[in-house]
Each structure stands twice: as C-alpha cells, then as structure tokens.
There are 2 protein chains.
Amino acid sequence: MSIDALVSKKSEWLKGEGSKANVVMSSRVRLARNIEGQLFYDRASDEQRDGTRRTVSLAVKRLERFSNAFFLDMRDTSDVDRKFLLERHLISKEHMQDVQTKGLVVDENEVVSLMLNEEDHIRLQVLRSGFSVMEAWSLADAIDTELSHHLPFDYSRKFGYLTSCPTNTGTGLRASVMLHLPAMVMASQVESLYEAISKLGLTMRGFYGEGTEALGDFFQISNQVALGSSEMDILDNLERIVQKIIASEESTREEFLKKKKEEFEDRVFRSFGTLKSARIITSGEAIKLLSAVRLGVELGFIKGISTAEVNEVLIFSQSAHLQKLSGQELGRYERDVKRADLIRKKLGGE
Amino acid sequence: MSIDALVSKKSEWLKGEGSKANVVMSSRVRLARNIEGQLFYDRASDEQRDGTRRTVSLAVKRLERFSNAFFLDMRDTSDVDRKFLLERHLISKEHMQDVQTKGLVVDENEVVSLMLNEEDHIRLQVLRSGFSVMEAWSLADAIDTELSHHLPFDYSRKFGYLTSCPTNTGTGLRASVMLHLPAMVMASQVESLYEAISKLGLTMRGFYGEGTEALGDFFQISNQVALGSSEMDILDNLERIVQKIIASEESTREEFLKKKKEEFEDRVFRSFGTLKSARIITSGEAIKLLSAVRLGVELGFIKGISTAEVNEVLIFSQSAHLQKLSGQELGRYERDVKRADLIRKKLGGE
C-alpha cells in the first residue's frame, strides 16, 4: 500500500458516528512507549535509531491487526506527503521534521497508527469518530498489551512508563477529544472555557494538536499530565469534563434556537450558499464556513448532507489533500481554485 | 386605480430591454413646466397651489394617453406610500415633503408620470428601459406639445421656459441615464469618471437621483444645465458621452474576463449564492449583491434568470416595497427578514 492509496480512503474517524457526534468530531488516545535497553530518540545516533525502528516494525508486523497495515519510511516522503499525513491527523508536526529515521504504521481502517521515532520510540494512536474515549482506550490498551509480549518496554516501578519528555512519564497516556463548539464561540464563552479547563488538569489545543491554532470552532481538549494518576482516573476526568462542555454547547445552541433562530439560520445558510458558489476560496475561510455548515447539519437545518460528508470535505479540502488528489504540487492561487471546485462538487453546488 | 394597484405591477422601465441593456438600466427625460399667470409654487399660497393642480389635472385628463391613468393626491399618502413612490422612481425626494397641495399622475404602463406642484407646476417624466434617451424624448415632446394645447406654459422668447430654479430655465429639460458600471468600479475608474463628466456639462448622481448615494455600482448621469443649448444639443451631448462610458465599461469587462475570469465568476457566484441563502439581509447589502448578479446575467455566467427579474428584485426588495407587499409597516429587523425571503423566492433559492 503506497501513500497514494491513503489519499482517496475515507478515514474511520470522519464517519460522524458514535456518541454525541453532534458536538464531538473525534476521540483520540495516544500511548508513548520506549524500548528497554535502547537510548531515547534524542540521545541516540542515526544508526541506533534505525535499529530501534526495525525492531519495533518487526514486532508490529507480528500482530494480526497489522497484517494489512501500511508501513512507511518517512525518509521517502515529500513535503506534500508529510503535510497530507498531518492533515489526516496521522502524524504530529514534530514527526514532519528530521525524517531520516522516522517511520509510520497505519492500519487498514485508519483507526490505529504508530509513529516510530517521533519523540519516543513508539507513539501508538487510536482515533475514533464521536465521543468514544473509552472505546479508543480499550483498543489502545489491547494493542499495547499485545505489543508488550514482543517488545520490552522501558518501565519503572516508581515512575511507570519512562518517556523522553517528563510530561508523558507515568502512564504515557494522552487522551483527547476534538470538539465542535460553534455556539459557545458565538456566545463568547470559549475564553473562559480555556481558563477553567487549565485549572482542571486539561489543556485546549488547535485543530492539528500541539502548537496549532483553533480553526472553525474546532477545539482539541486533552489531559495535561500523565503522571500521578491511573489511566482510568485520567480518562474519567477527561470524560466528565467533556460531558459538561458538551452539555454547555448543547444548551447554548438551544438558547440560540429559541432566541435567535433567524440569525442562526442566516449564518448557516449563507455559509452553505457561499461554499456552493465560490470559485476561489482559502483554506481558512473554507474551514470557517464548513464549521457553520456542520452546525446546520447537526441542527437539521440542512438536509441531504451528512456530518460524515462535511467532515470529509473539511479534511479533503486542505492544501496537501488537494495536491495529492490532483497528483501535482499547486501554487496558492491554484489551490484556492481547486478547493472551491472540490467543495462545490461535494456539497452539490453549481 | 389605488396606490396599492401599483405595488404588484411590473414597471416598463424594469424590463431590461432596449439598446445596451447590458450596461444601461433605464433612460429618463424630464420636462419642467409652469402655467402662465400662476405664481411659482414657492411663491403661491396653498389655495393658489390647489387651483393650479386642479387646472393641470383637468388638462391632463383630456389627453387620450391618460384615460386610464392613476391620479393621486399626495395628501392622501402615508410615509410608506411616498417612500414606495420614490423607490419606484415615480417621485423625487422633494415631492415627499409638504405634500399638502402636491399631486401625481402615472400612466397605465408606468412610462409617463407627472409630478404636480413639485418645485414647478409640472414635472413631466418619461422613463424607459435600456439606452433610449431619444425615444423617451420623442414621447415627452409629444405629450408636452399636446398639453400645451390645453395649458398656457410660462415661456419667454429670451430665456425659454421659465422655471422655479434657474438651472432648469430654458429647455426645462433634464435627460438622464441609469448606468450599471460594476467593472469600472472594480477597476477604480469611477472617481476619474466623476471628474471628467463634470467638465463636460454633465453630472453624476445616485440611485434615486439628486441628493442620493450611488448604490450597487448604479450611477445616474444627466445634463447639468438646461439653458443655452437646444434640446437636441443637450440630448446629443448626453448620448455621445454615455456611449463612451458604455464602451469603457464593456472593454473593462472584457479585460477582466480575459485576465481575471475566476475572480469575476467568484464575485458573481458568491453574491448569487448569498442572495439565494441569506435569512436576514439589509437593503444596502442586497443592492450590492444584486449588482454582481446583474453583471453575472449580463455576462452569461448565470443562466435561467433574466435582467428583468434582477431589476424587479432590486426594486421590490426595497423597504417600502416590502411593506406595501406585506400590507403593513415593518420594523428594520422584520424588513431584513422579509427581504431575504422575497429575494430567495425570486431567485430560486432554498
């Protein structure tokens, strides 16, 4: 399976299914692991890094789940390929740099992926549609257990799993939820949400994770620290707080529907109309408008289009996806034109 | 025929027909006349004004063309009625004030109208679709001649027709053309057009004539002075200069089509999409967007909608038209919602 085969696939996490898909786009669980007896990535030589990657790859290949998986040497990727993988939420920004010894494994359904030699030897990720942190955790836990039968993980009785950066030490767990909060943004409630969240041991990030901006009312919320709590405590805390945010977004939507239905509809349908009509559109404007359209679908204003289709357009209209789809590098203007074409086609415009 | 009967009628000048209708919305000829032996409007008492109006009305009624005409006592009109007549280009802003003794006559097809006791005893107007100044003039001239058989006009061998304001003295003629210049606006050529025009004895005004703003790339160009030239010279001068402006707008459009077709299409289709989608829209935004849609129709980008239909929406979506159509006074917000509804319906939106 080549990287091009990934391009036209529809990722499982974009399906718009699962619990509370009206507010939660996706849930993610990530485990950081290192191999006992091997130097941490940042201390190791390229040769040692290569060795680690080979060891891990071989172990992964022994697992039934990865029999049809896609193994990628990051060295073989172009700039556009890496951007594409980031847009697809399969790699981190970190994993785009110094690709010499880095690797990536993606399972058949794009549910499980492993970054090899990111900051740690292994970054195992499970990404699911909707509010499904626990399901994601179960799967990640099972794979982690299986892997541990083939790989000796760096583990200390005192600290737990050892990691390159101390914020991951302990459980090595980061769980996150991608929330769609258009009503709270309209009601200017996000600023105070930021503050409240950080006091509860959580952190709020942008659309592509650490170090990225919030785009189109999408916010990623995750646990801040992996040490000092059990996995279940971390997940429970995240679930509990996210449930409150979901309830808050839902009640704000209801309030708007009662008091300002026309303004709400106006925003939704103008956004939809513009997306179905524009001939040139930037990525930033597209995300903003698609966010409003997603809201329109969730509220039942817009019929005949599913959340999954909006999610898909959201990802496929990103710059690298556009370039992979058209099989060539494109300048900014060409991308803006191609993006408008793709969006019009997908949303049934003229 | 009551004022309400006018509401749903489609004025002849909105038909989008006639020469150069791609750039010229309408042509208008207006003649100012006063009755010999009667004091000018601003000098007369209300009683004298009433007398003049009755005299003129009786004379007008004797003309075949006005056998089915609509005679209106401005005293009987509401604020909304007067706003409606202004939007319909049947009266001036001046004619909305001090309505005590003012009158209005509109012929069956809304081609000819007479304001009685505006600034002068008679303001005869012929309004036609497209670039048809000469046709409008012929008709105005014929009616003027007929009227002069029944009414002794104030005329001096030295000055010509005498009028309340010296700028109208002489021919009493004001001819004007409503131009749609979206490409020249996009190319920032309108500022210099303003200057050039004023040096050529012409003046540029807004969408509702004197003292009104330019809206949505629509500009009214008319002769500045009525004295010292014959009617034919005035009309020739206007025609000649307007022809040049039309040519300039056309060549600017062609240039854009060659060099910036996508930007052009983008603007047109975004405007169309927004109009077909919005749930709340102000009059100012609607005119701006309709201007782009009119351009789209003229360039053949938009199919299935005629210039006449765009013109009609342009006029019928104005505030007073909306209120007359819904049979009640509406607040600003209600108008913005009704306007969006009407536009969506007319343009085949959702």
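So, how was this worked out
- Residues numbered from 1 in each chain as written.
- Chains lettered and ligands numbered in written order.
- Predicted model: local features only at pLDDT ≥ 70, side-chain atom pairs only at ≥ 80, totals over all residues.
- Heavy atoms only, no water.
- Helix = DSSP H or I, 4+ residues; strand = E, 2+ residues; numbered from the N terminus.
- Rg over C-alpha atoms; globule rule 2.2 N^0.38 Å.
- Buried < 20%, exposed > 50% of the residue type's maximum accessible area, 1.4 Å probe, protein only.
- Contact = heavy atoms within 4.5 Å.
- Areas by Shrake-Rupley, 256 points an atom, 1.4 Å probe, with all protein chains shown as cover.
- Lys, Arg positive; Asp, Glu negative; His and termini not counted.
- Charge placed at Lys NZ, Arg CZ, Asp CG, Glu CD.
- Least-squares fit on C-alpha atoms with pLDDT ≥ 70 in both.
- Patch = residues over 30% accessible without salt bridge, like charges linked within 9 Å, V, L, I, M, F, W, Y side chains within 5 Å.
- Salt bridge = Lys/Arg side-chain N within 4 Å of Asp/Glu carboxyl O.
- Pairing = 2+ DSSP bridges.
- Expected span 1.5 Å × (residues − 1).
- Arc of directions from axis to C-beta.
- Buried area = accessible area lost by both parts, 1.4 Å probe.
- Polar contact = N/O pair within 3.5 Å; in protein donor to acceptor, adjacent residues only side chain to side chain.
- Domains from an automatic or database assignment.

Enquirer: Quick rundown of the overall build of chain A? Include the residues and the values.
Expert: Along chain A, the regular secondary structure elements total twelve helices and ten strands. The C-alpha radius of gyration of chain A comes to 21 Å, within 12% of the 20 Å expected for a compact globule of 350 residues. Here chain A, with 350 residues, has 59% of them falling under the buried criterion. Considering only residue pairs separated by 6 or more positions, chain A has 72% of its internal contacts joining residues 24 or more positions apart. Of the roughly 14,600 Å² that chain A leaves accessible, carbon and sulfur atoms contribute 47%. Side-chain charges of chain A comprise 49 positive and 53 negative groups, with the mean position of each set lying 2 Å from the other.

Enquirer: Can you break down the relation of the copies chain A and chain B residue by residue, with the values?
Expert: Turning chain A through 180° and shifting it by 0.1 Å along the axis lays it on chain B, with an RMSD of 0.0 Å. The transformation just described matches what one would write down for a two-fold rotation axis. No C-alpha of chain A approaches the rotation axis more nearly than that of Gly273(A), which lies at 2.3 Å.

Enquirer: Help me get a handle on a nonpolar patch on the surface, residues and values and all.
Expert: Taken together, the side chains of Phe159(A), Val225(A) and Leu227(A) define a hydrophobic patch exposed on the protein surface, amounting to about 260 Å² of accessible area. Considering the arrangement of structural elements, one finds Val225(A) in the loop between strand S10 (218–223) and helix H7 (231–259).

Enquirer: So what's going on with the pairing of S10(A)? Which residues, and what values?
Expert: All names here are of chain A. Within S10, six of the six residues are buried, which leaves it mostly tucked inside the rest of the structure. Pairing of strand S8 (residues 173–180) with S10 involves five bridges; the strand directions are antiparallel. By the bridge assignment for S10, Val 177 is matched with Ile 221.

Enquirer: Kindly report on the pattern of salt bridges, identifying the contributing residues and their values.
Expert: Residues and elements named next belong to chain A. Evaluation of the coordinates by the stated rule reveals 54 salt bridges over all chains. Between Glu 249 and Arg 253 there is a salt bridge; the shortest N-O distance is 2.7 Å. With a gap of four residues between them, Glu 249 and Arg 253 both fall in helix H7, about one helical turn apart. The same class applies to Glu 249 as to Arg 253, namely buried. Taken together, the salt bridges that share partners define one network made up of Asp 50, Arg 53, Asp 73 and Arg 75.

Enquirer: How would you explain helix H4 (residues 133–148) of chain A if you had to name every residue and give the values?
Expert: At 3.6 residues per turn, the α-helix brings residues three or four places apart onto the same side. Residues and elements named next belong to chain A. Here H4 contains 16 residues, and its C-alpha end-to-end distance of 22 Å stays within 8% of the 22 Å for a straight helix at 1.5 Å per residue. Restricting attention to buried positions, one finds in H4 the residues Val 133, Ala 136, Trp 137, Leu 139, Ala 140, Ile 143, Asp 144 and Leu 147. Buried residues in H4, looked at end-on, bunch into an arc of 165°, giving them a common side.

Enquirer: Now, about the environment of Asp98(A): what can you tell me, with residues and values included?
Expert: Mapped onto the fold, Asp98(A) is located in the loop between helix H3 (79–87) and strand S3 (103–106). Considered as a pair, Asp98(A) and Met74(A) are 24 residues apart in the sequence and their alpha carbons are 9.1 Å apart.

Enquirer: Please provide a residue-by-residue account of the interface of chain A and chain B, values included.
Expert: The extent of an interface is frequently quoted as the accessible surface area lost upon association of the parts. Listed by partner, the interface residues are 19 residues for chain A and 19 residues for chain B. Carbon and sulfur atoms make up 48% of the area that chain A and chain B hide from each other, which totals about 1,700 Å². The interface formed by chain A and chain B contains two salt bridges. Note that Glu285(A) is salt-bridged to Arg270(B), the shortest N-O span being 2.8 Å. Joining chain A to chain B, the criterion identifies 14 residue pairs in polar contact (both at pLDDT 80 or more).

Enquirer: Give me the domain arrangement of chain A: which residues, what numbers.
Expert: Residues and elements named next belong to chain A. What the domain assignment reports for chain A is domain 1 (3–253) and domain 2 (261–346). One C-alpha centre belongs to domain 1, the other to domain 2, and the line joining them spans 26 Å. Listed per partner, the contact involves 31 residues of domain 1 and 24 residues of domain 2. When the two sides are added together, the surface that domain 1 and domain 2 hide from each other amounts to roughly 2,400 Å², 68% of it contributed by carbon and sulfur. Ranking the residues of domain 1 by area buried against domain 2 places Leu 14, Val 80 and Glu 87 at the top, with a combined share of 22%. Taken together, the connections running from domain 1 to domain 2 amount to four salt bridges.

Enquirer: How would you summarise the side chain of Ser113(A) if you had to cite specific residues and measurements?
Expert: Residues and elements named next belong to chain A. By the secondary structure assignment, Ser 113 is in strand S4 (residues 112–116). By relative accessible area, Ser 113 is classed as buried at 2%. Look past the residues within four positions of Ser 113 in its chain and what remains in contact with it is Leu 90, Val 105, Val 106, Arg 123, Leu 124 and Gln 125.

Enquirer: Can you tell me about unusual backbone geometry, naming the residues and giving the values?
Expert: All names here are of chain A. Even without being a glycine, Ser 188 presents a positive backbone phi close to 55°. One can find Ser 188 in the loop between helix H5 (182–186) and helix H6 (190–199). Accessibility expressed as a relative area gives 61% for Ser 188, which makes it exposed.

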